[in-house]
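Summary of the model geometry
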Amino acid sequence: MSADIEFIPVEDATKLATGILLGLGLSPGHAEAIARSVVTAQRDECYSHGLWRLLGFVPTTRKGKVSLNAVPEVDASAPGVVKVDARYGYSLLAFREGLPHLVEKANTLGITAMAINNCYHFSALWPEVEDIAAAGLVSLVMTPSHSWVAPAGGKKPVFGTNPLAFGWPRSGPNPFVFDFATSAAARGEIELHRRAGKTIPLGWGIDSEGNDTTDPTEALKGAMLTFGGHKGSALSAMIELMAGPLIADMTSAESMAFDDGAGVTPCHGELIIALDPKVFLGGAMAENMQRAEKMFDAITGQGARLPSQRRYEARARNKELGVPVQKSLLAELRETLAS
Ligand code: NDP
Ligand code: PYC
C-alpha cells in the first residue's frame with residue numbers, strides 16, 4: 001500500500017464531493033448524481049474519472065456555459081425510444097431521470113434506445129451500464145467527446161476519445177461489464193500522467209508535427225491515437241454517428257467548435273441501448289444465461305481475467321478500507337471546498 005494514499009469513508013468522500021459541487025452552484029440533484037459517479041470511480045480505483053475530476057469543475061462552472069440547475073426533460077412518448085433533453089446541464093442527472101422509462105420500455109418491447117441530448121459529459125460509463133444490468137438488462141452505451149484523436153492513418157484530430165461500454169447481467173452482484181475509450185487511453189489518463197510528471201507509452205499520442213511522443217503535454221497538444229489502429233478508428237466513427245447525427249446532436253469536432261476555446265467539459269449527446277433478455281428468451285432464459293456463464297468460465301478457467309474484475313476486486317477491498325485518495329489530491333480538494 002502506497003504511503004501517498006489516504007483512505008477515507010465513502011460518506012466523507014461523498015460529503016466532500018457534494019460540498020464542492022454545491023459550493024460551485026450546482027443544484028442538489030446534479031451535485032448528488034455527480035458525487036456518486038466520482039466517488040464510485042475513486043472507490044473502484046478508476047482514477048481517471050474519480051475525485052480528481054472535481055478540480056475541473058471549478059474552471060468549467062466559472063465559464064458560464066454549463067447550466068448548473070438544469071432540470072432534464074424526459075419525452076417517452078415514442079415506442080422504443082426515450083429522449084432526455086439535459087438542457088445544457090451535466091449528463092448524470094439526465095441519465096438518472098431517464099433510466100426508469102428506459103427500463104420500463106425495454107421490459108415491454110425487448111429493446112429500447114435512450115438518447116440524452118445537450119449534455120455536458122465528463123464521466124465513466126460503467127456506473128450506467130451497472131445500473132442498467134441491476135434491472136436485468138443488457139446494454140450498450142456510447143458518447144463522443146472533443147476532437148482530440150486522429151483517425152488511423154491520419155495525423156489530425158477528428159474523433160473524441162469516444163467511450164463504449166457494455167453490460168450483461170449475471171446472477172451474482174457483479175455483471176459482465178467492459179468500458180473503454182476508443183483512443184489508446186482516456187485523455188484523463190494522459191492528464192494524470194502529466195500531473196504525476198510521468199511519460200506515456202508510445203502509441204498513445206503524437207506531437208503537433210505528427211511525431212510519436214512519450215511526453216503527455218506534447219500528446220495533449222498534438223493528437224491522441226486510436227486503440228487497435230483501424231479497428232478502434234472505425235468504432236470511434238460509429239460512436240460519432242450513433243451518438244451524434246443519429247440523435248441530432250454534435251460530433252466531437254462540432255462540440256470542440258461549440259466550446260470555442262473555453263476549454264470546458266465536452267457538450268454533446270449520449271446513446272444508451274437496452275435489451276431485455278426475458279423478452280428475447282422467454283422460458284429459455286435460464287438455459288441461455290447458463291450458456292453465457294460457460295463462456296465466462298472458459299475465459300477465467302485458463303487464468304485470463306474478465307473486464308471489470310480488477311475494478312470489482314478494488315471495490316471489495318475498499319469496502320473495508322474506504323476510498324483511496326492520493327494525499328496531495330485530498331489536500332487540493334479540501335482547499336477547493338474551503339475556498
Ligand atoms: P482501460 O483501458 O483502463 O480499461 C478498459 C476496460 O478493459 C475496462 O473494463 C477494464 O477492466 C478492461 N481491462 C483492462 N485490462 C484488462 C485485461 N488485462 N483483461 C481484461 N480486461 C481488461 O480504460 P480506458 O482508459 O480506455 O477508459 C477509462 C475510462 O474512461 C472508462 O470508464 C471510460 O468510460 C472513461 N472515458 C470517458 C469518456 C467520456 O467522454 N465521458 C471518454 C473516454 C473515456 P478493469 O476496470 O477491471 O481494469
Ligand atoms: O478521459 O478522454 C477522457 C474524457 C473525455 C471526456 C471525459 N473524459
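Residues numbered from 1 in each chain as written. Chains lettered and ligands numbered in written order. Predicted model: local features only at pLDDT ≥ 70, side-chain atom pairs only at ≥ 80, totals over all residues. Heavy atoms only, no water.

Of the regular secondary structure elements, the chain holds 13 helices and 12 strands. Compactness check: the chain gives a C-alpha radius of gyration of 20 Å against a globular reference of 20 Å for 339 residues, within 12% of the reference. Principal-axis analysis of the C-alpha atoms gives the chain an extent of 55 × 45 × 45 Å. Buried residues in the chain amount to 53% of all 339 residues. Across the chain, contacts joining residues at least 24 apart in sequence account for 68% of those joining residues at least 6 apart. Only carbon and sulfur atoms are counted for the fraction: they give 56% of the accessible area of the chain, which is about 15200 Å². Between the mean site of the 31 positive side-chain charges and the mean site of the 37 negative ones, the chain shows a separation of 2 Å. (Helix = DSSP H or I, 4+ residues; strand = E, 2+ residues; numbered from the N terminus. Rg over C-alpha atoms; globule rule 2.2 N^0.38 Å. Buried < 20%, exposed > 50% of the residue type's maximum accessible area, 1.4 Å probe, protein only. Contact = heavy atoms within 4.5 Å. Areas by Shrake-Rupley, 256 points an atom, 1.4 Å probe, with all protein chains shown as cover. Lys, Arg positive; Asp, Glu negative; His and termini not counted. Charge placed at Lys NZ, Arg CZ, Asp CG, Glu CD.)

Turning to the packing of helix H1 (residues 10–23) against helix H13 (residues 327–338), a few remarks are in order. Two elements in contact, H1 and H13, have axes whose closest approach is 9 Å; the angle formed by their N-to-C orientations is 45°. Considered as vectors, H1 and H13 are oriented oblique to each other. As for the relative orientation of H1 and H13, their crossing is left-handed in sense. Within the contact between the two elements, H1 uses Leu 16, Gly 19 and Ile 20 and H13 uses Leu 330, Leu 333, Arg 334, Thr 336 and Leu 337. Residues that form the contact of H1 with H13 fall into these classes: 5 nonpolar, 2 polar and 1 charged. (Axes fitted to C-alpha atoms, helices over the stretch in contact; angles between N-to-C directions. Parallel < 35°, antiparallel > 145°, perpendicular 65-115°, else oblique. Left-handed = near helix turned anticlockwise from the far one by under 90°. Nonpolar A, V, L, I, M, F, W, Y, C, P; charged D, E, K, R; others polar.)

Once that is clear, we can look at the site of ligand 1. Near ligand 1, the surroundings consist of 22 residues, among which Ser 123, Asp 179, Ala 181, Ser 308 and Arg 310 are the closest. Take His 121: an N or O atom from its side chain is 3.1 Å from a nitrogen atom of ligand 1. Within the contact set of ligand 1, an oxygen atom lies 3.4 Å away from a backbone nitrogen or oxygen of Ala 186. At the level of secondary structure, the elements contributing two or more residues to the shell around ligand 1 comprise strand S8 (176–180) and helix H12 (309–321). (Near = heavy atom within 4 Å. Polar contact = N/O pair within 3.5 Å; in protein donor to acceptor, adjacent residues only side chain to side chain.)

Once that is clear, we can look at the sheet that holds strand S6 (residues 149–150). Sheet architecture is open: 3 strands sit in the order S6-S10-S9, paired in mixed fashion. In the strand order of this sheet, the two ends are held by S6 and strand S9 (205–206), each with one partner. For S6 and strand S10 (residues 223–225), the ladder comprises 2 bridges, and the chain directions are parallel. Counted as the bridge partner of Val 149 is Met 224 from S10. (Pairing = 2+ DSSP bridges.)

For the chain, the assigned domains read domain 1 (1–62 + 308–339) and domain 2 (72–183 + 226–306). The centre of domain 1, based on its C-alpha atoms, is set 23 Å off from the matching centre of domain 2. Contacts between the two partners involve 24 residues from domain 1 and, on the opposite side, 20 residues from domain 2. Between domain 1 and domain 2 lies a buried interface of about 1900 Å² when both sides are counted; carbon and sulfur atoms form 57% of it. When the area that domain 1 buries against domain 2 is broken down by residue, the three leading residues are His 30, Thr 60 and Tyr 312, summing to 27%. Summed over the shared surface of domain 1 and domain 2, the result is 4 salt bridges. A salt bridge links Arg 36 to Asp 131; the nearest nitrogen and oxygen atoms lie 3.0 Å apart. (Domains from an automatic or database assignment. Buried area = accessible area lost by both parts, 1.4 Å probe. Salt bridge = Lys/Arg side-chain N within 4 Å of Asp/Glu carboxyl O.)

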